[in-house]
Amino acid sequence: MRKKDMLKKWKTLSTREIFKSKIFSLKEDVVESPRAGSTHPVWYLDVPHWVNIIPVTADNNVVLVNQYRFGNKDMSLEIPGGMVDPGEDPKEAAIRELYEETGYESSQVIEIGKVLPNPALMANYTFTYLALESKKTGMQQLDGMEDIEITEVPLEKIPSYIDEAKIEHSLVISAFYFLDRYNANNV
């Protein structure tokens, strides 16, 4: 492929905020196509980075959280996670979310991957962490929008939980992919 035929970034001509909430902003950009020179409106969500953390206990159980999700209006079995607060380091956010949602802690927290949840609509990353030797040291510290049930599941059962659609959250499934890669590279 010749250099002149390579894809180029689109130029942003203007940006306006359409809606703002505590969790995200809906924005509209007017962009210019580098190929055609035409302009188009595009919409996207401006959201903070997210974190997920896979807590694994000394006896090789994964600490999972079950909670109601408003998007699909059903319960969702997941790993602890949430938003990174402004100015907060993603690793510290993961450690905080682990404790708030479960009361578990770990002194061995390792970043094992990151993904763009949906680059068509968002520019944020989801960072995935592994918390080894996790243990319950306190009580959940849930906010008014959280109602979380904690369960421990043997790590070897996670693939069947995914196959049987007991775990369906795409970011949780990608986190277990990162865990598989981490384990394969650290045997």
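Just so we're clear, the structure is a prediction, and the values are computed from it rather than from any experiment. (Residues numbered from 1 in each chain as written. Predicted model: local features only at pLDDT ≥ 70, side-chain atom pairs only at ≥ 80, totals over all residues. Heavy atoms only, no water.)

Caption draft 1: Geometry of the pattern of salt bridges. The tally for this structure, following the rule as stated, stands at eight salt bridges. When the shortest N-O distance is used, the salt bridge between K166 and E164 registers 3.3 Å. By relative accessible area, which is 48% here, E164 ends up partly exposed. Where salt bridges share partners, they join D85, E88, R96, E97 and E100 into one cluster. (Salt bridge = Lys/Arg side-chain N within 4 Å of Asp/Glu carboxyl O. Buried < 20%, exposed > 50% of the residue type's maximum accessible area, 1.4 Å probe, protein only.)

Caption draft 2: Fine view of the packing of aromatic side chains. All chains considered together, the criterion is met by four aromatic pairs. With a centroid separation of 6.2 Å and 45° between ring planes, the pair formed by Y125 and F127 is classed as tilted. Above the plane of the ring of Y161 lies K166, whose end atom (NZ or CZ) is 4.7 Å from the centre. (Phe/Tyr/Trp six-rings, centres within 6.5 Å; stacked < 30°, edge-to-face > 60°. Lys NZ or Arg CZ within 6 Å of the ring centre and 35° of its normal.)

Caption draft 3: Quick look at a nonpolar patch on the surface. On the surface, Y68, F70, M75 and M145 cluster together into a nonpolar patch covering about 470 Å² of accessible area. Following the sequence through the fold, M145 ends up in the loop between β10 (126-136) and β11 (148-154). (Patch = residues over 30% accessible without salt bridge, like charges linked within 9 Å, V, L, I, M, F, W, Y side chains within 5 Å. Areas by Shrake-Rupley, 256 points an atom, 1.4 Å probe, with all protein chains shown as cover. Helix = DSSP H or I, 4+ residues; strand = E, 2+ residues; numbered from the N terminus.)

Caption draft 4: Region of interest: the pairing of strand β3 (residues 39-46). Two elements, strand β2 (residues 25-32) and β3, share eight bridges in a ladder whose sense is antiparallel. Counted as the bridge partner of E32 is T39 from β3. Between β2 and β3, which follow one another and run antiparallel, lie six residues, and G37 among them has a positive phi close to 80°. (Pairing = 2+ DSSP bridges.)

Caption draft 5: Looking closely at helix α1 (residues 90-102). With 13 residues, α1 ought to run about 18 Å at 1.5 Å a step, and its terminal C-alpha atoms sit 18 Å apart, in line with that. Residues of α1 that are buried: P90, A93, A94, R96, E97, L98, E101 and T102. Residues of α1 that are buried sit in contact with β4 (50-57), β5 (61-69), β7 (81-83), β8 (104-105), β10 and β11. Capping of α1 at its N-terminal end is provided by D89; its side-chain oxygen lies 3.0 Å from the backbone amide nitrogen of K91. Positive phi shows up at G103, right after α1, with a value of about 80°. (Expected span 1.5 Å × (residues − 1). Contact = heavy atoms within 4.5 Å. Polar contact = N/O pair within 3.5 Å; in protein donor to acceptor, adjacent residues only side chain to side chain.)

Caption draft 6: Region of the structure containing the sheet that holds β3. Spatial ordering of the open sheet is given by β1-β2-β3, a layout of three strands whose pairing is antiparallel. Where the open sheet ends on each side, the last strands, each with one partner, are β1 (11-20) and β3. Between one strand axis and the next, the sheet turns through 25° on average, direction left out of account. (Axes fitted to C-alpha atoms, helices over the stretch in contact; angles between N-to-C directions.)

Caption draft 7: Representation of the nonpolar core. Counting 18 residues, the largest nonpolar core has I54, V62, L64, I158, I167 and F176 as the members making the most contacts within it. For this core, the secondary structure elements donating two or more residues are β4, β5, α2 (158-163) and α3 (170-185). For this core, the element with the most residues is α3, which contributes five residues. If we ignore the near neighbours within four places in the chain, the residues touching I167 are L64, L77, I158, Y161, I162, V172, I173 and F176. Core analysis: the next-biggest nonpolar cluster, separate from the first, contains twelve residues, V63, A94, L98 and A131 among them. (Core = buried A, V, L, I, M, F, W, Y, C linked by side-chain atoms within 4.5 Å.)

Caption draft 8: Region of interest: unusual backbone geometry. Not every positive phi belongs to a glycine, and N60 is a case in point at roughly 65°. The phi torsion at E133 lies on the positive side, around 55°, for a residue other than glycine. Following the sequence through the fold, E133 ends up in strand β10.

Caption draft 9: Layout of the environment of K22. Within the secondary structure, K22 sits in the loop between β1 and β2. Assessed through its relative accessible area of 79%, K22 is described here as exposed. Put simply, K22 and V47 are 25 residues apart on the chain and 9.5 Å apart in space, counted from C-alpha to C-alpha.

Caption draft 10: Spatial organisation of α3. Between the first and last C-alpha of α3 there are 23 Å, a value that for 16 residues agrees with the 22 Å anticipated at 1.5 Å per step. Buried residues in α3 make contact with β4, β5, β6 (74-78), β9 (108-115), β10 and α2.

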